[in-house]
Amino acid sequence: MNSFTFHNPTKILFGAGMADQLGQQVAELGSQTVLLVYGGGSIKRTGLYDRVIKQLHQIGARIVELPGVEPNPRVSTVRRGIKLCRDEAVDLVLAVGGGSVIDAAKAVAVGVPYEGDVWDFLLRKAKIEAALPIATVLTLSATGSEMNGGAVITDWEQNLKKSFSSPYAFPKFSILDPTLTYTVPANQTVNGIVDMMSHVMEQYFSQTTDTPLQERLCESILQTVIENGEKALQEPAHPEARANLMLCGTYALNGGMISVGMQGDWATHAMEHEVSAIYDIAHAEGLSIIFPNWMKYVYRDRIDRFVQFAVRVWGIEPEGKSDEEIALAGIQATREYFTRIGAPSRLSDLNIGEESLPRMAEEAVRFGPIGYFRKLGADDVLAILRMSL
Ligand code: NZQ
Ligand code: ZN
């Protein structure tokens, strides 16, 4: 196990009905002018918007709105939000929505005190040194953005999708009310399942040794997602399934709590971001396609971890099988689960062909080779993307 420092300052309010704690939490922060950031309208259809506005009015907060955050949020929208904050002297950025809304809110919050353009942070040309306070009400279990310092933003004109991670971008508080996710449609529920599983797997497939607790934490989250994911798909308002998925999504990527002292991989995420930078597909659709192919490409580098994954997570019977057969059965089980719940398995299913793959491969390694389980150069990325066609 490696040495580590772990600090996660986000306060979590978890449970049915917790959305009604919002006003009090904002009042405790002493915020007076709130930028309310939300997406394409789901919060209006579900009635959450009215609940939020009512509570903010009750505490006398002034509300400025940034609606229309796109899935795969655009830097143009972030720039609009930064201008609003400056013009209206906003002192809290409140995201009400899924990962895209939260990420956009984070980018707004770090962009306000910075004199240059916020995109500098995504290109790693500048370091984040301050931010407005951020708070969130989560409506979709998937990214973990509600309890981490990361954000992923797209410049659609340049077809670039880049991320930043900063201690300044952790939310002050996040409200995790699973009842808010009952309205999440099946395809977005599937995306959430694949994304949270991928976050765990990015950390689990590590070259670090002597990490038995971390490995078992990862395995138990994967098993809990696998069980509860199908329940939530069969019964969208299943209280326990939705609550368990929400907790799993948050634990899966909250500053690395489950994988402290362990070097994660993250190459699959880097590759996926290049796909959704050019094609407007959901992040998790790309992950569902690429992850099993990444596994096939690298599993021999540490077959014991892939054997353990197959046996402990998927219940593959090891008796009478070689390590190679067990490892491949685990990869196959992952592919089959994703397919069974309705996630795509080939880039060509999403009308993505060979033509953009070389560009994606080059862009993926812009800041150097990706991944730690095995370092991947542009040729490796291209090979994995071709396996995914
Ligand atoms: O826009 P609205 O109308 O709100 O609808 C959204 C959106 O269309 C809808 N939705 C959300 N909550 C709902 C709901 N519909 C009905 N009922 C509800 N309760 O769902 C659609 C997708 O929302 P989005 O926020 O885009 O999904 P998700 O949470 O999966 O976020 C995806 C984004 O997060 C990034 C991805 O790259 C992608 O841009 N990621 C962020 C990470 C982070 N910050 O840590 C890590 C991830 O790996 C990921 O890269
Ligand atoms: Zn992800």
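Rules used in this analysis
- Residues numbered from 1 in each chain as written.
- Chains lettered and ligands numbered in written order.
- Predicted model: local features only at pLDDT ≥ 70, side-chain atom pairs only at ≥ 80, totals over all residues.
- Heavy atoms only, no water.
- Buried < 20%, exposed > 50% of the residue type's maximum accessible area, 1.4 Å probe, protein only.
- Helix = DSSP H or I, 4+ residues; strand = E, 2+ residues; numbered from the N terminus.
- Pairing = 2+ DSSP bridges.
- Donors = N, O, S within 2.8 Å, 3.2 Å for Na, K, Ca; no water.
- Axes fitted to C-alpha atoms, helices over the stretch in contact; angles between N-to-C directions.
- Parallel < 35°, antiparallel > 145°, perpendicular 65-115°, else oblique.
- Left-handed = near helix turned anticlockwise from the far one by under 90°.
- Contact = heavy atoms within 4.5 Å.
- Nonpolar A, V, L, I, M, F, W, Y, C, P; charged D, E, K, R; others polar.

1. As for the pairing of strand 4 (residues 92-97)
For a regular strand, the rule is simple: side chains alternate between the two faces of the sheet. Here strand 4 lies mainly inside the structure; six of its six residues are buried. Going residue by residue along strand 4, you find Leu92, Leu94 and Val96 tucked away on one face and Val93, Ala95 and Gly97 tucked away on the opposite face as well. Relative to strand 5 (residues 134-138), strand 4 is paired through five bridges, and the arrangement is parallel. Within the sheet, the bridge partner assigned to Gly97 lies in strand 5 and is Leu138.

2. Digging into the coordination of the zinc ion (ligand 2)
Those protein atoms acting as donors to the zinc ion (ligand 2) are Asp195 (OD), His199 (NE2), His269 (NE2) and His283 (NE2), and they sit at 2.0 to 2.2 Å. Written as a sequence motif, the donor residues of the zinc ion (ligand 2) are D-x3-H-x69-H-x13-H. Taken as a pair, His199 in helix 7 (residues 186-204) and His269 in helix 10 (residues 267-278) lie far apart in primary sequence, 70 residues in all. For the pair shown, His199 and His269 are each scored as buried.

3. Comments concerning the packing of helix 12 (residues 303-314) against helix 13 (residues 323-341)
To describe two helices that pack against each other, one gives the angle between their axes and the distance between the axes. Interhelical geometry of helix 12 versus helix 13 gives an angle of 55° and a closest axis separation of 8 Å. Between helix 12 and helix 13, the crossing angle belongs to the class labelled oblique. Regarding helix 12 and helix 13, the two cross each other, and that crossing is left-handed. In this structure, helix 12 uses Ile303, Phe306, Val307, Phe309, Ala310, Val311 and Trp314 to contact helix 13, whose residues at the interface are Asp323, Glu324, Ile326, Ala327, Gly330, Ile331, Ala333, Thr334 and Tyr337. Per-class residue counts for the contact of helix 12 with helix 13 are 12 nonpolar, two polar and two charged.

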